[in-house]
Amino acid sequence: MCGIVGAVAKRNVVSILVNGLLRLEYRGYDSAGLVVVRDGKLDRVRSNGRVAELELKSANTYGELGIAHTRWATHGVPSERNAHPHISRDLIAVVHNGIIENYETLRTGLTTQGYEFTSDTDTEVIAHLIHSHYAQGNLLAATQQALAQLVGAYAIGVVAADNPHQLIAARKGSPLLLGVGECEHFVASDMSALLQVTKNVVYLEEGDVVEVNLADYRIFDAQGKAAQRPVHVSELNNDSVELGEYQHYMQKEIHEQPQALANTLESVCNSQSLVPGIFGAEANNIFPKIENILILACGTSHHAGMVARYWLEELAGIQCTVEIASEYRYRTSVANPKTLVVTISQSGETADTLAALNHAKATGHAFTLAICNVPESAIIRQSKLRLLTRAGPEIGVASTKAFTTQLAALFLLTLVLAKTRGRLSAEKEQQFLHELRHLPSAVQKVLALEPQIAEMSKHFADKHHALFLGRGLHYPIALEGALKLKEISYIHAEAYPAGELKHGPLALVDKDMPVVSVAPNDALLEKLKSNLQEVRARGGELFVFADADTQIKEAEGIHILQMPEHAGFLSPILHTVPLQLLAYYVALQKGTDVDKPRNLAKSVTVE
Ligand code: G6P
């Protein structure tokens, strides 16, 4: 939540800051702002709109040192006065991502000292605190002193009007990295913002404070001791964050799924057998010891966990519980040291998932595994085992390719655990490997249905509600379809296991309630068909995503999208794709901002 960019260079950094913010807008887009240092003064530009507006407003701004921010409001409504950077007495400017929990106490103290507050944000206290310690002109020391007074999470960037070539940045609980150029340096919330200027990156660690100068930088750890951190060369390229031929990132990311799946499965599909080592060196020791699994995640990632539960219990014979991270962390639960705690997260920085992981560890769970799309993220670093999904940067707020790659990763986990527990014959292993190799092209086939789905979406444009049905493995897919639709089209959508219809939701069904059903040709097909009849009998209009051989026929009030043949255990991955496309095209019909739905942000680093 909230994106930060900072730069110190021997050239105008305004376009670097703005281009960086454009890449980070997925983190929040309520308002944006930047400040540059020029001739001993702070020159600030803010806008209560999108970064594009800031770009126009700052077209004539010049500065060789600056910090910038795109906001997702927590304290204080979205407005220009609450937009970052926040400035103290024309001297200190700060951008911040995170939440300062003790800001009210600090604000009272600073007001007593005569500081005037011009915003409702928690961030402004940081600017005044640093100012209050800045008497000797040492920005690093003043920032360190101020940070010692803060309770909460932060990534910050700080500049001072009288310090034209220095930027201080720090992180604790929110991500921040340092970009290393030639006689120029940068900071940003994630690497996509910096690909325009460098590929050399230093991942700052929890509690790090960095003094960034033109020619060099110095890192200090949480104890204030000088620290060395390795410089990595990012594998990302600019194309992966460009829109290219697509109209929206969501559409691009839906279409990237075959490649994202191929990348995620690459190492496995190139080998002849599945080994625990793909989850980390310690997996060989840990996997034979585990008795059950606890999956913790939020949002779309939680839906991936729900699918995995069906796989794990059926194929690996291992008991599995799936919990929403924000609930688990505040519940008194009974820990079993032989449980494998699996966190699933696209970003690897979701506050609730991270807190749930730490809660699990604190209650005695030592075996932790992260399935995550961002290397070096907090969740990856804090877990013993890991499998990186290799979906590439996901920019659309509605998660698509991250979800299907999470499913692929969880299927691998299922197979490896099944093998460890002696439940996967050599023949079955080869069959599943074959199916996984075939998965990208199977998804490609589903993507070819895009024109039919675009046509189908027209039936939804004037609707206010929709019901999604699925059974078994595909119930979480129905949940995911409903989530996609509500997130980006603002149509109220609910998902139910189809067998549950008669226990309540059937009361809602009439001609104005489209009912979308996932209809794979699996063991529950005949039961599902009966459920669909129940809907039809009450005048509900059905939109059925049916496998080729289900024999569900198009008829009055029954629209069929003919899917390819049934894909067995991997079917949920294929059935996700048309639901993503449906949500996308309905949103287009409704003219919403597909990639930046109202009130949401991609990376939720607050509770
Ligand atoms: C936000 C995003 C969702 C995502 C969820 C969990 O709500 O908008 O797309 O599923 O956070 O995020 P994570 O990064 O942990 O998967």
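Our structure's up above, just so we're on the same page.
What you see is a predicted model, and the numbers here were worked out from it, not measured in a lab. (Residues numbered from 1 in each chain as written. Predicted model: local features only at pLDDT ≥ 70, side-chain atom pairs only at ≥ 80, totals over all residues. Heavy atoms only, no water.)

Participant: Explain helix α17 (residues 525–537) here, please?
Facilitator: Quick reminder: α-helices carry 3.6 residues per turn. Residues three or four places apart thus point the same way. Taking 1.5 Å per residue as the helical rise, α17 with its 13 residues ought to reach 18 Å, and the 18 Å between its terminal C-alpha atoms agrees with that figure. On the buried face of α17, the contacting elements are β21 (465–470), β23 (515–519) and β24 (542–546). Looking at the residues trailing α17, positive phi occurs at G539, about 80°. (Helix = DSSP H or I, 4+ residues; strand = E, 2+ residues; numbered from the N terminus. Expected span 1.5 Å × (residues − 1). Contact = heavy atoms within 4.5 Å.)

Participant: Just checking my understanding: could you explain the packing of aromatic side chains for this structure?
Facilitator: Ring pairs (aromatic) are described by centroid distance and by the angle formed between their planes. In the structure shown here, the tally under the stated rule is 6 aromatic pairs. Seen in terms of ring centroids, W311 and F411 are 4.9 Å apart; in terms of plane orientation they differ by 70°. Their pairing is edge-to-face. On the criterion of sequence distance, the pair formed by W311 in helix α9 (residues 299–316) and F411 in helix α13 (residues 401–420) is long-range, its members being 100 residues apart. Assigned by exposure class, W311 and F411 land together as buried. An aromatic cluster is built from W311, F411, F432 and F569, whose rings are joined through pairwise contacts. In this arrangement the basic side chain of R89 is found over the ring face of Y115, its NZ or CZ atom lying 3.9 Å from the centre. (Phe/Tyr/Trp six-rings, centres within 6.5 Å; stacked < 30°, edge-to-face > 60°. Buried < 20%, exposed > 50% of the residue type's maximum accessible area, 1.4 Å probe, protein only. Lys NZ or Arg CZ within 6 Å of the ring centre and 35° of its normal.)

Participant: What is the right way to look at the sheet that holds strand β13 (residues 217–220) in this model?
Facilitator: Each strand in a sheet pairs with its neighbour through backbone hydrogen bonds, running either in the same direction (parallel) or in the opposite one (antiparallel). Within the open sheet, the 7 strands sit side by side as β5-β6-β7-β8-β12-β13-β14. Their pairing is antiparallel. Each of the sheet's edge strands pairs with one partner strand only, and the pair in question is β5 (86–88) and β14 (226–227). Where strand β8 (residues 166–172) lies against strand β12 (residues 209–213), 5 bridges are found, and the strand directions are antiparallel. Considered in β12, the bridge of A170 is made with V209. Together, β6 (92–100), β7 (152–160), β8, β12 and β13 form the strand contacts of helix α5 (residues 139–147), whose direction differs from that of β7 by roughly 155°. (Pairing = 2+ DSSP bridges. Axes fitted to C-alpha atoms, helices over the stretch in contact; angles between N-to-C directions.)

Participant: Hey, could you run me through unusual backbone geometry in this one?
Facilitator: Working note: non-glycine residues mostly have negative phi, and peptide bonds are mostly trans. Residues H84 and P85 are joined by a peptide bond in cis, for which omega reads 0°. At Q551, a residue that is not glycine, the phi angle is positive and equals roughly 60°. Positionally, Q551 belongs in the loop between β24 and β25 (558–562).

Participant: What's the story with helix α3 (residues 103–112) in this structure? I'm lost.
Facilitator: Every buried residue belonging to α3 is among Y103, L106 and L110, and all of these are buried. Summarising the axial view, the buried residues of α3 lie within an arc of 65°, below the 170-degree limit, and thus occupy one face. Those residues of α3 that are exposed and angled more than 90 degrees off the buried face are E104, T105, T108 and T112. On its buried side, α3 packs onto β6 and α4 (124–133). Where α3 terminates, the next one or two residues include G114, which has phi positive at roughly 100°. (Arc of directions from axis to C-beta.)

Participant: Looking at this structure, how should I read the packing of helix α14 (residues 426–447) against helix α18 (residues 571–590)?
Facilitator: When two helices pack together, you describe them by how their axes are tilted relative to each other and by the distance separating the axes. Relative to each other, α14 and α18 sit at 30°, their axes nearing to 9 Å. Viewed along their axes, α14 and α18 adopt a mutual orientation that is roughly parallel. Along this stretch, α14 crosses α18, giving a crossing that reads as right-handed. Side by side, α14 and α18 meet where L439, A442, V443, V446 and L447 of the first sit next to I573, L574, V577, P578 and L581 of the second. Its residues placed into classes, the contact of α14 with α18 shows 10 nonpolar, no polar and no charged. (Parallel < 35°, antiparallel > 145°, perpendicular 65-115°, else oblique. Left-handed = near helix turned anticlockwise from the far one by under 90°. Nonpolar A, V, L, I, M, F, W, Y, C, P; charged D, E, K, R; others polar.)

Participant: Where do I start with the pairing of strand β10 (residues 185–188) in this structure?
Facilitator: Regular strands place their side chains on alternate faces of the sheet. Covered by surrounding structure in β10 are H185 and V187 together with F186 and A188, the residues of both alternating faces. Pairing of strand β1 (residues 3–8) with β10 involves 4 bridges; the strand directions are antiparallel. What sits directly across from V8, in β10, is H185. Here strand β9 (residues 177–180) runs beside β10; their pairing, made up of 4 bridges, is antiparallel. Among the inter-strand pairings, V180 is bridged to a residue of β10, identified as H185. Linking two consecutive strands that pair antiparallel, namely β9 and β10, is a turn of 4 residues; a positive phi of about 55° is found at C183 within it.

Participant: How do you make sense of the layout of surface pockets when you look at a structure like this?
Facilitator: To locate leftover empty space, one rolls a probe as large as a water molecule over the atoms. The calculated volume of the largest pocket comes to roughly 1200 Å³. As for the largest pocket, its lining consists of 45 residues, and the residues nearest its centre are L236, N373, P375, G392 and P393. Counting residues per element, the ones that place at least two in the lining of the largest pocket are β15 (232–233), α7 (257–269) and α12 (378–381). Of all the elements, α7 adds the most residues to the lining of the largest pocket, at 3 residues. (1 Å grid on protein atoms, 1.4 Å probe; cavity = no way out; pocket = protein on both sides within 12 Å on 5 of 7 lines; lining within 4 Å. Points joined across faces, edges and corners; volume = space filled by probe spheres on them.)

Participant: Would you mind going over the pairing of β9 with me for this structure?
Facilitator: Side chains L177 and G179 of β9 all project onto a buried face; the interleaved residues L178 and V180 project onto the opposite face, where all are buried too. The sheet contact formed by β9 and strand β11 (residues 200–203) spans 3 bridges and is antiparallel. Bridge pairing links G179 to V201 in β11.

Participant: So what exactly am I meant to see when it comes to the sheet that holds β24 here?
Facilitator: If you trace the 5 strands from one edge of the open sheet to the other, you get β22-β21-β23-β24-β25, paired in parallel fashion. Looking along the sheet, the strands with just one partner apiece sit at the ends: β22 (492–497) and β25. For this sheet, the mean angle separating the axes of adjacent strands, direction not counted, is 20°. With 5 bridges joining them, β24 and β25 adopt parallel strand pairing. Note that in β25 the partner of L542 across the bridge is I558. Here helix α15 (residues 450–457) sits on the sheet in contact with β24 and β25, set at roughly 160° to β25. Contacting β21, β22 and β23, helix α16 (residues 475–489) runs over the sheet at an angle of about 180° to β22.

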